[in-house]
Every structure is written in structure tokens, then in C-alpha cells.
Amino acid sequence: MEINILSRDVKAIEKKTFRLHLISQVFTGMAFGILMLQDVILKKSLLASDFQVTLLIFLTSSAFLFSIYGPEIINRSNNQSRMIISMAVFSRFFLIIIPLFETPVFFIFCIAAMSYSDSLIKPAWNAVFKHNYTGERRSSLYSYASSLLTITTLLVTTLLGYLLDIDFRLYKILFPVAGLFDIIAYVNLAKMINIGKLNEHNASDKFTGNVSFALFKDILILPVRNLIRISRDNKPFYRFELYFFLYGMAFMIASPAVPIFMVQTLHLDYSSISVARGLVFYTATILFTPVMGRLHGTGNPTKFCGYLFLALILYPLMMLSIKYLAVDRNIFSPDSLLYITFFFFGVFMSGITISWNLSSIYYAPAMEVANYQAVHITLTGVRGIFAPFIGYLILKLVSIEATFIVSSFFFLFAGVMMLRESRK
């Protein structure tokens, strides 16, 4: 009888969480869809240099370094929900002030400041997924909610491209709106924290209004100790993160080249880029996210990731084909090949998104899910410190084509190593 009551309680929590998760994904999708073209706006309309584009990617990527401190700040709060909302408001304040100046430097500052403060909150999502969803349904429920986010992002990004072609200065209105949408999404996360009663798992040493030096030192040092401890004690997780790190390097090496390639080499307008990054990419993601969710499952994620990394070799190589087959030889139109490239990219990234958000749960003890995801996100920030600059140096010292070729080799190496790990 007691087991049945407990089962009903778990199902009720799961149902309420899923409803709030869906609502939050709609608002997150609208915000993300608006921000999707930030690097293109910087290059195409604010006339930023190649180095400034690389700097934006470096700052938004390295922001993940600070995610390791998020769980400590949130868990030591007397009220997790209130802390999450406060951090969200502070983070999105930088989007709200973006209309003040129309310069590349101010634009980069606002996006970077938002990214750094937002990285503190991201690990909290995984604590909700771990505790509020059952293991049997976690991947499938996450994939359905992710599909809704994808549909919303698709619609908003596609529309955004056409609006920016009319007047690029509309970003000054839309970016503050995106900030408000994200705050609403985090309000829903705060509600999910309360539903799962995750406050019960807080550290005993909480904020009480006065922050002592000892508490500040704990928050600063303990996450680094956790990273070292987790890497030392959980070798399978350490190896998984190492090979995921190689995949991330491949992705970030190519990242500075992509907006520069589309604007300067392919001479595309906002609408073509938004259709590729929005409509085409996310249509593929919508179609394949439920499939990827089932393939990912709750078991060891290494084989799943390995095959995806190998498949992603096609992405930089297909980008190269646009120049050789469309720009140089006029066999196809650049738009058509770009759409085909981003369709396949969307298929592969639908699986990567699920793995990026859920794979650390497989390795994490029940009470350390947020810490494990914080390690995972922080390592994204570590590679973000130098990988974009590797891409920048290659495109400046060799060529933009060489950047894509080097990226494909890193995808290959990451895939091979992850498949080797899956056999252990």
C-alpha cells in the first residue's frame, strides 16, 4: 500500500514537472531563436573584425567555466528557487541594456556578461531531470520537451532572418524581449525545484544573509576540489569527458569560421542564414530528437556518442563543398547546399544535445548530479578558452578551408576514441 502511494507521488511530481518543463521550453525557444544570429549580426551589420567574432565565441564558450560554481551558490542558499530567479534577472539585465549603444564592443560585452552569469544556473536543470523524472521515462520526456523547444526556435529564428533583412536594428528591440522570455523560463525552473523538494538536499552550511570569508572560500575552492575528486575517483566518467572534450574542440575550431564563411565567402543575407540555421536545422532536429532519445536511453552513452562524432565529420566537409561546388564552379546554388548541410547537421546535433544534457546522469551518484553536470559544462568552458583561437589562427595563417579540415580530423579522433571506450 505504501509503495503504491509512493508511486502515485512520483508520477504526480513527474507530471507537474513535465508540464512546467514544456512551458519553460517554449519561452527558452523564443529567447534562443532571437539570439541565434548574434554572431552574424556582429559580423554582417555591426561590421566586426574576424578577431571580434572569434572573441565573442571565445567569451560565450569560456563562460561555461563558471558553471562549476553554480551548484555551490544555489545549494547553499536558504531558498534555491529565489536564488535561481535572482540570478536569472541579473543575467538577462545585460540583454535588456543592449539597445544603449550600437557598437561591436558593447554588443560583445552584453552577450558575454549574460553568458557568464547564466552558466551558473545551467547545472540546476540536471538536478530537476534526475530527481523529478523517473529513470525509465527521463530520456523520452526530455526529448519531447526538447522537440517543443526546437519547434519554437525554428519558427522564431526563421522569422528573425526576414525581419533583420528589413532592418537589422530590430535586434535592439528583440534582444531585451529575449531576456524577459528567459526570465520566465527560469521562474518555471524554480517551480520545478519546489515540486521535487530539492531544497531538502541543500548543504548544511547555507547563506544566512551574512557571507563569511570561510563560506566564500568554500564556494570558490570546493567546486575545483570536486572536479579533481570526480575525475580521480570516476575514471569512466573522466575518459568520457576527455573524448567529449575532443568533439567540443572540433566544434569550436570551426565556430569562428562559420559566420565569416557565410558572410564574406558565400555573401548570404539574413533570410538565407536564418532558414538554414532555423527552419532547416531545427526541422531535422524535430524529426530526429525522439529517435535519438530512444537510442540514447539510460545506459552507457559512449557508443551513441562515438557514432555521432564520426557522423559529424560530414558537417565541415559539406561546408567546404558549398565553396567548391557553388561559389567556385556554380554547379549548385550556395543556398541549396547550405540547406542540405544544415539538415544533416541538425540530424546529428539532435543526438548531441540529448547526450550533452543527460549523459553525465549515467555516471553520477544520486546526490551529485548537479556537480557532475557542472564538471561537464565547465570542461566546455575550458576548451572554449583556446579552441576558438586555434580556429582563428588557422583561418588567418593558412585559410578558412583549412579550419574546416582540421575540425573534421578532431571529429574523427573523438569518434574513434569514444567507440574504443564503449568496448571496455
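Calculation rules
Residues numbered from 1 in each chain as written. Predicted model: local features only at pLDDT ≥ 70, side-chain atom pairs only at ≥ 80, totals over all residues. Heavy atoms only, no water. Helix = DSSP H or I, 4+ residues; strand = E, 2+ residues; numbered from the N terminus. Rg over C-alpha atoms; globule rule 2.2 N^0.38 Å. Buried < 20%, exposed > 50% of the residue type's maximum accessible area, 1.4 Å probe, protein only. Contact = heavy atoms within 4.5 Å. Areas by Shrake-Rupley, 256 points an atom, 1.4 Å probe, with all protein chains shown as cover. Lys, Arg positive; Asp, Glu negative; His and termini not counted. Charge placed at Lys NZ, Arg CZ, Asp CG, Glu CD. Phe/Tyr/Trp six-rings, centres within 6.5 Å; stacked < 30°, edge-to-face > 60°. Axes fitted to C-alpha atoms, helices over the stretch in contact; angles between N-to-C directions. Parallel < 35°, antiparallel > 145°, perpendicular 65-115°, else oblique. Nonpolar A, V, L, I, M, F, W, Y, C, P; charged D, E, K, R; others polar. Core = buried A, V, L, I, M, F, W, Y, C linked by side-chain atoms within 4.5 Å. Expected span 1.5 Å × (residues − 1). Salt bridge = Lys/Arg side-chain N within 4 Å of Asp/Glu carboxyl O. Left-handed = near helix turned anticlockwise from the far one by under 90°.

Caption draft 1: Here's a closer look at the overall build of the protein. The helix and strand inventory of the protein stands at 18 helices and zero strands. In terms of C-alpha radius of gyration, the protein reaches 21 Å, essentially the compact-globule figure of 22 Å for 424 residues. Within the protein, buried positions represent 58% of all 424 residues. The contacts of the protein with a sequence gap of at least 6 include a subset with a gap of at least 24, amounting to 86%. Approximately 17,800 Å² of the protein is accessible, and the part contributed by carbon and sulfur atoms is 67%. For the protein, the separation between the mean place of its 35 positive charges and that of its 23 negative charges on side chains is 5 Å.

Caption draft 2: Region of interest: the packing of aromatic side chains. Tallied over the full model, the rule gives 40 aromatic pairs. Pairing Phe129 with Tyr133 gives two aromatic rings, centres 6.3 Å apart and planes at 0°, and the pair type is stacked. Exposure remark for Phe129: the relative accessible area of 3% places this residue in the buried category. Judged by relative accessible area, which is 3%, Tyr133 ranks as buried. A centroid spacing of 6.2 Å and a plane angle of 35° characterise the contact between Phe245 and Phe386, whose relative ring orientation is tilted. In this pair, Phe245 sits in helix α11 (residues 235-254) while Phe386 sits in helix α17 (residues 369-397), placing the two residues 141 residues apart along the sequence. According to the relative accessible area criterion, Phe245 is buried, its value standing at 15%. What makes Phe386 partly exposed here is its relative accessible area of 32%.

Caption draft 3: Molecular detail of the packing of helix α8 (residues 138-166) against helix α13 (residues 270-296). For the pair α8 and α13, interaxial distance at closest approach is 7 Å and the crossing angle is 175°. Between α8 and α13, the angle falls in the class roughly antiparallel. Classifying every residue of the contact of α8 with α13 by side-chain character gives ten nonpolar, 17 polar and two charged.

Caption draft 4: Spatial organisation of the nonpolar core. Counting 128 residues, the largest nonpolar core has Phe175 and Phe342 as the members making the most contacts within it. Here this core takes 13 residues from helix α16 (residues 334-363), the largest share from any one element. In this view, Phe175 contacts Ile34, Leu35, Gln38, Ile41, Leu95, Ile98, Phe107 and Ile111; residues no more than four positions away in its chain are not counted.

Caption draft 5: The arrangement of helix α6 (residues 104-118) in detail. With 15 residues, α6 should reach 21 Å at 1.5 Å per residue; the first-to-last C-alpha distance of 21 Å fits that figure. All of the buried residues along α6 are Pro104, Phe106, Phe107, Ile108, Cys110, Ile111, Ala112, Ala113, Met114, Ser115, Ser117 and Asp118.

Caption draft 6: Structural view of the side chain of Thr378. Along the polypeptide, Thr378 turns up in helix α17. The exposure class of Thr378 is buried, given its relative accessible area of 4%. If sequence neighbours within four positions are ignored, Thr378 has contacts with Phe64, Leu65, Ser67, Ile68 and Leu227.

Caption draft 7: Up close: the environment of Ile151. Locating Ile151 in the fold gives a position in helix α8. Judged by its relative accessible area of 36%, Ile151 falls in the partly exposed class. Taking C-alpha positions, Ile151 is 7.7 Å from Gly29, a pair spaced 122 residues apart along the chain.

Caption draft 8: Seen up close, the pattern of salt bridges. Following the criterion strictly, the structure yields 15 salt bridges and no others. With its nearest N and O atoms 2.7 Å apart, the salt bridge here joins Asp118 to Arg92. With Asp118 in helix α6 and Arg92 in helix α5 (residues 80-96), the pair connects residues that are 26 residues apart, well separated along the chain. Asp118 gets classed as buried once you look at its relative accessible area, which sits at 5%. Judged by relative accessible area, which is 4%, Arg92 ranks as buried. The network of salt bridges with shared partners includes Arg92, Asp118, Lys122 and Asp182.

Caption draft 9: Looking closely at the packing of α11 against helix α14 (residues 302-311). Viewed as axis vectors pointing N to C, α11 and α14 meet at an angle of 15°, and their least axial separation amounts to 11 Å. Between α11 and α14, the interaxial angle falls into the category roughly parallel. Crossing angle aside, the handedness with which α11 passes α14 is left-handed. Where α11 abuts α14, its residues Phe240, Tyr243, Phe244 and Tyr247 lie against Thr302, Cys305 and Phe309.

Caption draft 10: Broad picture of the environment of Ile34. Inspection of the secondary structure puts Ile34 in helix α1 (residues 2-35). The buried category is assigned to Ile34, whose relative accessible area is 6%. Once the C-alpha coordinates of Ile34 and Thr153 are considered, the two residues, 119 residues apart in sequence, prove to be 8.0 Å apart.

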